[in-house]
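# Structure at a glance
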Amino acid sequence: MKNDRKRTYLLITIPILALFITFNTIPLLRGVVYSFTNFRGFGNYEWVGLRNYIDLFSDARVGSSYIFTIKLAVVTTIVVNVISIILALALNSKIRAKGFFRGAYFLPNVLGALVVGYIFNYFFTYLVPALADMAGIESLNSSILASKNTAWIGIMIVCAWQAVAMNTIIYISGLQTVPEDVYEAGSLDGATGWKKFWKLTFPLIIPFFSINMVLCVKNFLMVFDQIMALTKGGPAQSTESISYLIYNNGMKGGQFGFQSANAVMFFIVIVIISVAQMKFSGKKEEQL
């Protein structure tokens, strides 16, 4: 019986492990190897040592993509978490048609990011300017995606609109773990409204807040589909994220080796940021 169970575990685990190694680990290791070469994606290549990594720090386009990506990730993370907490508090309260609203707001998460991006592209390019023209709002007469100063806002709106659903689910799960006794004791002490949330609710859902923050920052740092559908890095490369730059110049621009080094560096940056977030959140949980 014990041997049969062990054999079943092996039959389940080995194929999954083999697929993971084949489609994840091996390509990752090959990418690291190519980062030390001048490989163009085809043909022969030569070893260049650390030259690609050194050139990353002097490439203005790479620097701009990092600045844009970090700015987008920080702003969108704040927007998403504020909206998600408000929605979670509303959907966790005693309201009518709670089940319907929970299903309706989750719809954006079900749709593909590219599909959502192309739909919003149509809105920003045609629908919003037409409505603004009818309403006499001159500032919105042209697409926000056509301006270097506002294109990132369009991307942020799309990213946030789609990400809010999952974050709200996590916050609702956290709110449902808060005992009613806590609120009853808080009411006796006069805790109401904002004070009730800040002093009672928020400290108890800090672990869920930490999870959302880490997931948000990681996902928004890796933003790709929305940029592909909305701006393709334009106008004038002002919305070129790191992932899009790696894809565009690595796969299509003949910089496979150089962008492999960029991908390795980007991976290290994400790991460092995620670990720092987890440590900071862990200290906050201990203080509370």
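As shown above, the structure is provided for reference.
Quick summary incoming for the structure in this document.

Rules behind the numbers
Residues numbered from 1 in each chain as written. Predicted model: local features only at pLDDT ≥ 70, side-chain atom pairs only at ≥ 80, totals over all residues. Heavy atoms only, no water. Helix = DSSP H or I, 4+ residues; strand = E, 2+ residues; numbered from the N terminus. Buried < 20%, exposed > 50% of the residue type's maximum accessible area, 1.4 Å probe, protein only. Areas by Shrake-Rupley, 256 points an atom, 1.4 Å probe, with all protein chains shown as cover. Lys, Arg positive; Asp, Glu negative; His and termini not counted. Charge placed at Lys NZ, Arg CZ, Asp CG, Glu CD. Phe/Tyr/Trp six-rings, centres within 6.5 Å; stacked < 30°, edge-to-face > 60°. Lys NZ or Arg CZ within 6 Å of the ring centre and 35° of its normal.

### Quick notes on the overall build of the protein chain
- Scanning the protein chain from terminus to terminus reveals 13 helices and zero strands.
- Ordered by position from N to C terminus, the α and β elements of the protein chain give α-α-α-α-α-α-α-α-α-α-α-α-α.
- Projecting the C-alpha coordinates of the protein chain onto the three principal axes gives extents of approximately 75 × 75 × 35 Å.
- Looking at the 288 residues of the protein chain, the share that counts as buried comes to 36%.
- When the accessible surface of the protein chain is split by element, carbon and sulfur atoms take 67% of a total near 17,300 Å².
- Side-chain charges of the protein chain comprise 23 positive and 14 negative groups, with the mean position of each set lying 6 Å from the other.

### Here's the deal with the packing of aromatic side chains
- On inspection of all chains with the given rule, the structure shows 16 aromatic pairs.
- Ring plane angle 85° and centroid distance 5.5 Å describe the contact between Tyr34 and Phe256, whose orientation is recorded as edge-to-face. One end of the pair, Tyr34, is in helix H1 (residues 2-34); the other, Phe256, is in helix H13 (residues 256-287), and 222 residues separate them in sequence.
- The class for Tyr34 is buried, based on a relative accessible area of 13%.
- For Phe256, a relative accessible area of 22% translates into the label partly exposed.
- Ring plane angle 70° and centroid distance 5.3 Å describe the contact between Phe39 and Tyr45, whose orientation is recorded as edge-to-face.
- Cation over ring: Lys71 sits above Trp152, and NZ or CZ is 4.7 Å from the ring centre.

These values are about where atoms sit, not about what they do.
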